[in-house]
Amino acid sequence: MADAHTSSQPASPALACENLSMGYGPRTVLEGISLEFYAGLWTAVVGPNGSGKSTLLHTLAGLREPRSGVILLQGRRLAAWPRRERARRLAWLAQMPGVTDLTASEVVALGRFAHGGWLAHRQAVDDAAMHRAMVATGSLSCGQRRLSTLSGGERQRVHLARVLAVEAPVLLLDEPTSHLDPPHQEDVARLLREQAYGCGVCVVSAIHDLSLALAADRLIVLGQQGVIGYGTVREALAADWLSAAFRTPVNIVEHRGVHLWRPAVPPARRSGEVSTRLDERL
Amino acid sequence: MNRRRARAAFGLAVALSAAAPAWAGSVMRDDLQREVRLPANPQRIISMVPSLTEIVCALGACDRLVATDRYSNWPAQAKALPKAGGFEDAEVERLISLRPDLILLSRSQRITERLGEFGVVSFALQTESYADIGHAVQAIGQILGVADRASRLNEAIEQAVREIGAKALAQRHGDGPSVYVEVDPTPYAAGPSSFIGELLARLGARNIVTSELGPFPKLNPEYVVQRNPEVIFISPAEATQLAQRPGWEQIRAVKEHRLCSFPPDVRDTIVRPGPRVAQGMRAMADCLARVAP
Amino acid sequence: MSTPQPAVAQLDSAHNGADRLTRLGTWLACCLTITLLLTCGSLIVGTSSIETSLGWLLSPDAQSAVVLWEIRLPRTVGAWFAGALLGLSGAIAQGVFRNPLAEPYLLGTASGAALGVTLSLLAASASVGALAWAEKLGVTGAACLGACAAIALTVGLSRGVLQTASLLLSGIVVAFLLSAVTSLLLLTKPDIWREMQTFLLGSTAFVSWSSVTLLAIVFCVCAVPALLLARGLDALTLGEDTAQSLGLSLPMLRLTLLGVVSLGTATAVGQVGIVGFVGLVAPHLVRETLSVNHRQLLIGAALCGGALLQAADLLCRWIIRPAELPVGAVTACVGGVYLTVLLWRRSRDG
C-alpha cells in the first residue's frame, strides 16, 4: 500500500483494456475501447443512461464476455488469472446487491473468501482485515444484525466493508452512491478518495451524480457514440466533454477548489410570466 | 271422397301396427333397482364383466355375444370376440356402433346413464360375493329364456362347492390353517368379506384378517408378522421375495415354505365370482392340502 | 464518518453473537429431543396396543424382538434418514435457485422415479428375461434409475446448469412429459395401477436395516460436500455477479450442489416412494424460527426433515391401526396445513 500521490504515472497500469468491444446480442454498446487505470487514482465513469457505464464496468470486472479485445489486470490477461487469485486482486461492488438473512459480519467475512477458499477457517489476518474495513465504513455497530433489518444506507456500508475487506489493489464499483442520502454519499466519496490516495488502490466507479464524480482524479466520459474523453477533471471541463456526452449544456462551476455541477433551473417567476422554453438559461 | 280417404288411411294404420312386432319381453329389476324393459330374445349381447361373460357362455348362449370387455378371457370363444374397453374406460362409441340388444354391466360402472341416453338396454348385476353368483345366473337365465338350464347350473355349482368344502373339512384335524391372502405387495390383503375370503372360509381356513377391516385392507406388515400365518396365498412373482421383507423370515409360512401361488388362469377362477368357482375352490383346496401343516 | 466507540461495539456484537448461538443450540437440542421421543414412540406404536409393546420392551420374546428391532426400529430410523435427505435437498434447492418455493422434486425426479417403477412393473409381466431383470433391480433400483434419468434429461434440455431459469423450466417440462408417458403406459395395463399408487403416495412399510444402511451412507455422502459448499449459497444470496466476483466458481457450485440434490432425492424416493412437502416445509420451519446462514440452515433442515418424516410414519401407523395410511398422504396434510397457516400469517402481517 505505497503512497502514490505523485503526479507522475507509475510504470504499468493496474487495470487496462485494449480495443474492447461489448454488446448484447445484435446491439453493440461500446467498441474499440482502450483505457488504462493506474494505482492510486480514482477514476469516475460518467455518461447518460444507456451509454454503457454498467456494461463497461461489468466487462472490466470479468463478469461479461467482451465481443473482442483484451483486458489486462496487473499486466496479465484477465482470463489467464486463476479464479481466486483474480478475486484477491479485483473487488467488485454491484449496484444493488441482494438482500439477505446473513448478519453484517458474515457478509463482510464473505469478502475474505478469496483468501481462504472453501476449507479455510477464519484466521487473525482475516479478522484484522474485516475489522479495518468495518471501522473504515462505520459499520462495526451493525456487526451481528441481519442485513434485512438494516436501513439502505447501513446495508450499503456493510457491502462496502465487504469490498474493502478483500484488500484488493483494484476496486470496481457500479453506482455505489445511488440509493444513499447525501451525507452517506459524501462518506462513500471520501472513502474512495482515501482508498486511492491513502492506500494506493486503483478505484474505478460509475457514478450518476455529477458533483460527486467531479471529485475523482480522472474522468471517463461516455456518450451515445462511445468514449468521448478520458483524462483529468480539468481536461474534461476544458474540452466540455460533459456537454457533448449529455447533448445539452452542462454547467460546471468551481468553488473553493471543488468542482460542482450547477443545474440550470431558472428562479421562480411571478405568476403570469412563466416561461416554457427549456433552453432558456441564466 | 274425404271420408273414403280417411277410412283408407285408418285401415292402413291398423294394418301397419299389426305388422309391427309386438314387444313380448319382460320387465325385470336389476341390481341398480331400475325397472328394465328387456327384449324378448336378445340375440346381440355385450358383456362388460368377465364373470357375466362366463355365465352367459356356461348357459350355452356364447354365440349370442358380439363383444366383451378386454378382461373376458374364458372360454376361448369369448376371448376371440371384439373388445370394447375395460371397467372404467368402456368405449361407448364402440358399444353403440355394435347395435346390441342388451349390455350386461357391473353395478358400479359409470356408463349406465350414458347408455340409457342412447336408448341401449343395459342390465346391471352385482358381481362381488359368492351369493351374487347364484343371483346372476338366475337373472341371466331368465333374460336369455333358459331359466331351467340356469337353475340346473346353479344346483351343479352349489353341489360341487359343498362337496369340496365337505372334503376339505373331513381331511382337517382340528382347526383349519391360519391363512394370509395377499392381493398386492403394498401389502393389501383379502379379508373374510371378499370373495376369495368367503371361499377360504368354506374350506375351513382361518383368515388372519378380521372382518371389521373390510374386504381389502391395506395392512401394516407387522400385523402379518404378529399373526404368524401358517399358509400364505401370494402371487408367483412375490413368492421368492417374501423372505427379504424385514421380519418376515420369521413367519411360519415363510420359514417352512408353505406358500400357495396360482398361475394367472387359475387365479381368474378364484377372484371372479362366476360359474368356475368350484374349479377355483378345488385349486385352493389342493394347495392347502399340500402345504398346510 | 462516525465511528462509534469500538470497545462498546465489540461488546454489543459479542453479546448478540452469543445470543444467536444459544438460540441455535436450543433449537438443535429441541430437535434432537423430538427425534429421540419419536423413535421411542415408534417402538411402542404399531398393530399391538401400547401396553403390549411396553411389555415387550421389558420382557421380550423371540417374535416380539423381531417386531421391535427388525420392523419398527429400522422403519423409524429409515424414515429419519429419508426425511433428512429430503430436507437437506430442499434447503439446497431453495438456495441454488434462490426461490423459497423450490423443492427437491423440481428437476423432474418424482416423475422419473414413477416412470421407472411403471416400467419395472410392466417388465415383470412382459417376458421372463425382463422379469429377472426387474426382480434384480427391484422397485427401489428402478425408482432410483428413473429419477437419475429424469435429472439427466432436465440438465441436457437446459444445456447445462448455468442458467437457473432454464433449468427450472426444463424440470417442469420433463416432469410433465414423463408423467404423460407414465399415464399412457398405465393405460396399457391398468392392473398395476394399485401398486403404482402405493409408490406415488409413499410408503415406509418395508424399510429394512439394509435400506437404512444405504440411506445413511448416501446421507453422509451428500451432507459433506453440501456443508463444505454452504458458504457458496450464502454468497449467492448477494447476487450471481457478486458471488462470481468473490472468487466462487458458479458452475462448479451449481453442478456439485445439484448433484447432491439429485443423489439424495433419488435415493430417498427409491426407498420410501414419493413423499411430498417434507423438502419444502423443513427449510421454511428452520427459517421461521431462526435466522441462520446456510451452513446452519442445511443442518437444521436435515434434522427437521428427519423428524417430520418420522412423525408422519408414526401417525400413518397409528391412526387406523392395524391398517396403514400412505405416509405421503400424511405429509401432504401436515404440510398443507402448515403452508396455509404461513400464508395466513403473511397476509395478516401485510
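Please read all numbers here as calculations on a predicted model, not as lab measurements.

Undergrad: Teacher, can you tell me more about the overall build of chain C here?
TA: Looking only at helices and strands, one finds 14 helices and zero strands in chain C. Traced from its N-terminal end to its C-terminal end, chain C shows the element sequence α-α-α-α-α-α-α-α-α-α-α-α-α-α. Expected size for 350 residues packed as a compact globule is a radius of gyration near 20 Å; at 22 Å, chain C falls within 12% of this value. By principal-axis analysis of the C-alpha atoms, chain C measures approximately 80 × 55 × 40 Å. When the 350 residues of chain C are sorted by exposure, 50% land in the buried category. Considering only intrachain contacts with a sequence separation of at least 6, the fraction spanning at least 24 residues in chain C is 79%.

Undergrad: Explain the overall build of chain B here, please?
TA: What chain B contains, in helices and strands, is 13 helices and eleven strands. On C-alpha atoms alone, chain B measures out to a radius of gyration of 24 Å, which is more than a quarter above the 19 Å that the 2.2 N^0.38 rule sets for 293 residues. If one aligns the C-alpha atoms of chain B with their principal axes, the spans along those axes are about 100 × 35 × 35 Å. Burial status across chain B gives 41% buried among its 293 residues. Long-range contacts, defined as pairs at least 24 residues apart, comprise 54% of the intrachain contacts of chain B with a sequence gap of at least 6.

Undergrad: What is the right way to look at the interface of chain A and chain C in this model?
TA: When the parts come together, some accessible area is lost, and that loss is often what is quoted as the size of the interface. In this complex, chain A contributes 27 residues to the contact, which on the side of chain C involves 28 residues. Grouping the amino acids of the side of chain A that touches chain C by side-chain chemistry returns 14 nonpolar, seven polar and six charged.

Undergrad: Before we go on, may I ask you to explain the sheet that holds strand 3 (residues 45-47) of chain B in this structure?
TA: Sheets are built from strands that pair by backbone hydrogen bonding, the pairs being arranged parallel or antiparallel. Residue and element names in this part refer to chain B. An order of 4-3-5-6 is seen for the four strands of this open sheet, with the pairing classed as parallel. This sheet does not close on itself; its edge strands, each paired only once, are strand 4 (65-68) and strand 6 (122-125). For this sheet, the mean angle separating the axes of adjacent strands, direction not counted, is 20°. As paired elements, strand 5 (residues 102-106) and strand 6 share four bridges and run parallel to each other. Residue pairing across strands places leucine 104 opposite phenylalanine 123, the latter belonging to strand 6.

Undergrad: Quick question: what am I supposed to make of the domain arrangement of chain B here?
TA: All names here are of chain B. Assigned domains of chain B: these are domain 1 (2-127) and domain 2 (163-291). The straight-line distance from the C-alpha centre of domain 1 to that of domain 2 is 38 Å. Taken together, the contacts link seven residues of domain 1 with six residues of domain 2. Looking at the side of domain 1 that touches domain 2 residue by residue, the class counts come to four nonpolar, two polar and one charged.

Undergrad: Even after reading the chapter, I still don't get the interface of chain C and chain B, so can you show me in this structure?
TA: Across the contact, 24 residues belong to chain C and 20 residues belong to chain B. Elements represented by at least two residues in the side of chain C that touches chain B include exactly helix 3 (62-96) and helix 7 (193-201) of chain C. The element contributing the most residues to the side of chain C that touches chain B is helix 3 of chain C, with seven residues.

Undergrad: Is there a simple way to explain the nonpolar core in this structure?
TA: Here is a general trend for soluble globular proteins: nonpolar side chains tend to be buried in one another's company. Residues Cys202 of chain A together with Leu85 of chain C are the most contacted members of the largest nonpolar core, which totals 178 residues. In terms of residues, this core owes the most to one element, helix 13 (residues 294-318) of chain C, which gives 14 residues. Not counting the four nearest positions on each side in its chain, leucine 85 of chain C is found in contact with Leu215, Val218, Phe219, Cys222, Gly264, Thr267 and Ala268 of chain C. Formed by 76 residues, the second largest nonpolar core is a distinct cluster that contains Leu125, Ala150, Leu219 and Cys260 of chain B.

Undergrad: Looking at this model, I keep getting lost on the packing of helix 12 (residues 278-289) of chain C against helix 13 of chain C. Mind explaining?
TA: For any two helices packed against each other, the geometry is given by the interaxial angle and the distance between the axes. Residue and element names in this part refer to chain C. Two elements in contact, helix 12 and helix 13, have axes separated by 8 Å at closest approach and are oriented at 125°. Taken as axis vectors, helix 12 and helix 13 run oblique relative to one another. Remark: the crossing between helix 12 and helix 13 carries right-handed chirality. Each of Val278, Gly279, Val281, Ala282, Pro283, Leu285, Val286 and Arg287 in helix 12 lies in contact with helix 13, whose residues at this interface are Leu297, Gly300, Ala301, Cys304, Gly305, Leu308 and Leu309. Here the contact of helix 12 with helix 13 is composed, by residue class, of eleven nonpolar, three polar and one charged.

Undergrad: Teacher, can you tell me more about the sheet that holds strand 2 (residues 27-37) of chain A here?
TA: Residues and elements named next belong to chain A. Taken in spatial order, the four strands of this open sheet run 2-1-4-5, and their pairing is antiparallel. The strands lining the two open edges of the sheet, one partner per strand, are strand 2 and strand 5 (76-77). As judged from the seven bridges shared by strand 1 (residues 15-24) and strand 2, these two strands associate in the antiparallel manner. Paired with methionine 22 across the two strands is leucine 30, which belongs to strand 2. Together, strand 1, strand 2 and strand 4 (68-73) form the strand contacts of helix 1 (residues 53-60), whose direction differs from that of strand 1 by roughly 125°.

Conventions and cut-offs
Residues numbered from 1 in each chain as written. Chains lettered and ligands numbered in written order. Predicted model: local features only at pLDDT ≥ 70, side-chain atom pairs only at ≥ 80, totals over all residues. Helix = DSSP H or I, 4+ residues; strand = E, 2+ residues; numbered from the N terminus. Rg over C-alpha atoms; globule rule 2.2 N^0.38 Å. Buried ≥ 20, exposed ≤ 12 C-beta atoms within 10 Å, placed from the backbone. Contact = placed C-beta atoms within 7 Å. Nonpolar A, V, L, I, M, F, W, Y, C, P; charged D, E, K, R; others polar. Pairing = 2+ DSSP bridges. Axes fitted to C-alpha atoms, helices over the stretch in contact; angles between N-to-C directions. Domains from an automatic or database assignment. Core = buried A, V, L, I, M, F, W, Y, C linked by C-beta atoms within 7 Å. Parallel < 35°, antiparallel > 145°, perpendicular 65-115°, else oblique. Left-handed = near helix turned anticlockwise from the far one by under 90°.

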